[in-house]
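One-letter residues, chain by chain:
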Amino acid sequence: MLKNLNRRTEQKFCNEQIKNAEGFSPVPMSYPLHFAANLSWLFLELDNLSERVEAAARAGFKAVEVAWPYDTEATELKKVLERNGMEIVLINTPPGNKAKGELGLGALPMQQVEFRTGLELAVKYAKTVGCKQIHLMAGRVPVDLDRTSVAKAMETTFIENLKYAADILSKEEMQGLIEPINSRITDPRYFLNTPHQAEKILQQVDRPNLKLQLDLFHCQIMDGNLTQNVSNYFSRIGHVQIAQAPNRNEPDSPGEINYSYIFSLLEKLGYQGYIGCEYSPKGSTFNGLGWLKSYWTSQDTNKLPLPTEC
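Throughout, a residue's number is its position along its own chain's written sequence, starting from 1. Since the coordinates come from a predicted model, pLDDT governs what is reported: local features require at least 70, and pairs of side-chain atoms require 80 or more to be given and counted, while whole-chain, interface and lining totals use all residues. To get the side-chain values, take all heavy atoms of the structure and skip hydrogens and water.

A.B. asks: Any chance you could explain the overall build of the chain here in plain terms?
C.D. replies: For the chain, the helix and strand inventory stands at 10 helices and 8 strands. Evaluated residue by residue, the chain yields a buried proportion of 54% over its 310 residues. Contact definition: two residues touch when any of their heavy atoms are within 4.5 Å. For the chain, contacts bridging at least 24 residues in sequence account for 78% of all contacts bridging at least 6. Of the roughly 14300 Å² of accessible surface on the chain, a fraction of 49% belongs to carbon and sulfur atoms. A run of H or I in DSSP becomes a helix once it reaches four residues, and a run of E becomes a strand once it reaches two; helices and strands are each numbered from the N terminus. Buried means the residue's accessible area, taken with a 1.4 Å probe over protein chains only, is under 20% of the maximum for its type, while exposed means over 50%, and partly exposed covers the values in between. Note on areas: these come from Shrake-Rupley sampling with a 1.4 Å probe, and a residue is covered only by the protein chains present in the view.

Written as structure tokens, this is what we have:
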């Protein structure tokens, strides 16, 4: 009971901070790079997805992304997005049966029907909330099977499902994304692990509305060499996500990646999409947004103050 009371107190304080965070204004799109708050990782001080959207808007974000928003009614999410002048730029296909350890169905042989059912749900939800990109999750190598023994079958299944999904999405003027997830720290059994593997699959699918979702945290863990990877695969990139490596905290926290350099590289290459902020704050989300304030102020435009605590 005490834990629940503390949680309610924490949420009440956070709500007050959000309401009182004067001095924030919508971030003008004249900034070279545009950032989306990943609400599956940020503003977790608030349990309610709608409240997280409001918090992100107060922090100056113009867009959000959410892995699996399906527990929130699409019409409800649409209203709160519109009320706060926000857009949602990315959702994932459903993970499948979490109790069985599934994390996506795209590459799982014998589950094409389930993949298509999940895709239908994702497209319907995305249409309602105005989301134009869907991450088509590959899924994990089954627990009782060796990766090398099923790699070819999983690749074939993934390619077939991606062709089907891309054609469905094309009719809705949507874009599909595939994301390599590192197998060294985050998920040893995830099928799609590197941008090189993703590039090979994208070539075989050969659909213009299917792109690479490049999470620089995963890329750094698996391969490093970020300058060449970003540059070499730039024409394939449809979405970028960021977090520091190896601990997946704020971009300016101690770690391996120089994000000031990365941002300059993306600007130089002319990246026009959103950058998803998919990291775990070391403290409160608001207190960890100093890196974003630094980027905004470095553009010599409106200097947006941050709340001191939440």
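A.B. asks: In this structure, what is going on with the pairing of strand E7 (residues 237–242)? I would like to understand it.
C.D. replies: Residues in a regular strand project their side chains so that they alternate between the two faces of the sheet. Where burial is concerned, most of E7 is hidden: 6 out of the 6 residues are buried. Two strands qualify as a pair provided that DSSP identifies no fewer than 2 bridges between them. In this sheet, E7 lies alongside strand E6 (residues 210–215) in parallel orientation, the contact comprising 4 bridges. The residue bridging Gln213 from the neighbouring strand is His239, located in E7. Here E7 pairs with strand E8 (residues 274–277) via 3 bridges, running parallel. Of the residues in E8, the one forming a bridge with Gln241 is Gly276.

A.B. asks: Before we go on, may I ask you to explain helix H3 (residues 74–83) in this structure?
C.D. replies: Because each turn of an α-helix spans 3.6 residues, side chains separated by three or four positions end up pointing in the same direction. Listed as buried for H3 are Ala74, Leu77, Val80 and Leu81. All buried residues of H3 project into a common sector of 130 degrees when viewed along the axis, lining one side. Opposite its buried face, H3 presents the exposed residues Lys79, Glu82 and Arg83, each directed more than 90 degrees away. Count one or two residues on from H3 and you reach Gly85, which has phi positive near 65 degrees. Within this analysis, the arc is defined by the directions that extend from the helix axis to the C-beta atoms.

A.B. asks: Would you mind showing me how to read the pairing of E8 here?
C.D. replies: Of the two faces of E8, the one lined by Tyr274 and Gly276 and the one lined by Ile275 and Cys277 are each fully buried. Sheet topology places strand E1 (residues 34–38) next to E8; 4 bridges connect them, and they run parallel. Counterpart to His34 in the pairing with E8 is Tyr274. Orienting the strands away from the viewer, one traces the path from the first strand over the helix to the second; a clockwise path indicates a right-handed crossover. Between E7 and its parallel partner E8, the chain crosses via helix H9 (residues 259–269), and the hand of that crossover is right-handed.

A.B. asks: Is there a simple way to think about the confidence of the model for the chain in this case?
C.D. replies: Where the model shows low pLDDT, its predicted coordinates should not be examined in detail. The pLDDT score gives, residue by residue, the confidence of the prediction method on a 0 to 100 scale. Looking at the chain, pLDDT values average 90 and 87% of them are 70 or higher. When pLDDT is averaged over each helix and strand of the chain, the minimum, 46, is found for helix H1 (residues 2–19) and the maximum, 99, for strand E4 (residues 133–135). Residue range residues 18–29 is modelled with pLDDT below 50. Its contacts to residues more than four positions away, or to other chains, number 27 contacts.

A.B. asks: How do you make sense of the environment of Ala55 when you look at a structure like this?
C.D. replies: Position of Ala55 relative to the elements: it lies in helix H2 (residues 49–58). The buried category is assigned to Ala55, whose relative accessible area is 0%. For Ala55 and Glu45, which are 10 residues apart along the polypeptide, the C-alpha to C-alpha distance reads 9.9 Å.

A.B. asks: For this particular structure, what's the right way to read the packing of aromatic side chains?
C.D. replies: Any aromatic ring pair is given by two values, namely how distant the centres are and how the planes are angled relative to each other. In this scheme Phe, Tyr and Trp rings, the latter by its six-membered ring, pair at centre separations within 6.5 Å, and the angle between planes marks the pair as stacked below 30 degrees, edge-to-face above 60, and tilted otherwise. Applying the stated criterion across every chain yields a total of 11 aromatic pairs. On the numbers, 5.4 Å between centres and 70 degrees between planes, the contact of Phe35 with Phe263 is edge-to-face. Of this pair, Phe35 sits in strand E1 while Phe263 is found in helix H9, placing the two residues 228 residues apart along the sequence. The burial state of Phe35 is the same as that of Phe263; both residues are buried. For the pair Phe263 and Trp291, a centre-to-centre distance of 6.2 Å together with 40 degrees between the ring planes defines the contact as tilted. Of the two residues, Phe263 is situated in helix H9 and Trp291 in helix H10 (residues 290–298); the sequence distance between them amounts to 28 residues. Just as Phe263 is buried, Trp291 falls in that class too. Clustering of aromatic rings is evident, with ring pairs tying together Phe35, Tyr259, Phe263, Tyr279, Trp291 and Tyr295. The ring of Tyr164 is capped by Arg116, whose NZ or CZ atom sits 3.7 Å from the centre of that ring. Two thresholds decide whether a charge sits over a ring: the Lys NZ or Arg CZ must be within 6 Å of the ring centre and within 35 degrees of the ring normal.

A.B. asks: Looking at this model, I keep getting lost on the sheet that holds strand E5 (residues 175–178). Mind explaining?
C.D. replies: Either a parallel or an antiparallel arrangement is found when strands of a sheet pair, and the pairing is made through backbone hydrogen bonds. Strand order in the closed barrel formed by 8 strands is E1-E2-E3-E4-E5-E6-E7-E8, with parallel pairing between adjacent strands. Across the sheet, the mean angle separating the axes of adjacent strands is 30 degrees when strand polarity is ignored. Packing against the sheet, helix H4 (residues 112–129) makes contact with strand E3 (87–92) and E4, and its axis sits at approximately 175 degrees to E3. Axes here mean lines fitted to C-alpha atoms, for a helix over just the part in contact, with angles spanning 0 to 180 degrees between N-to-C directions.

A.B. asks: So what exactly am I meant to see when it comes to the nonpolar core here?
C.D. replies: The tendency in soluble globular proteins is for nonpolar side chains to be buried as a group. Here, nonpolar core refers to any group of buried Ala, Val, Leu, Ile, Met, Phe, Trp, Tyr and Cys residues whose side-chain atoms link them within 4.5 Å. The biggest cluster of nonpolar side chains holds 89 residues, and the ones touching the most others in it are Phe35, Phe43 and Phe61. Those residues within four positions of Phe35 in sequence are excluded, and the remaining contacts are Phe61, Ala63, Ile242, Phe263, Tyr274, Ile275, Cys277, Trp291, Leu292 and Tyr295. Among the nonpolar cores identified, the runner-up in size contains 6 residues, and Ala63, Leu90, Leu177 and Tyr274 belong to it.

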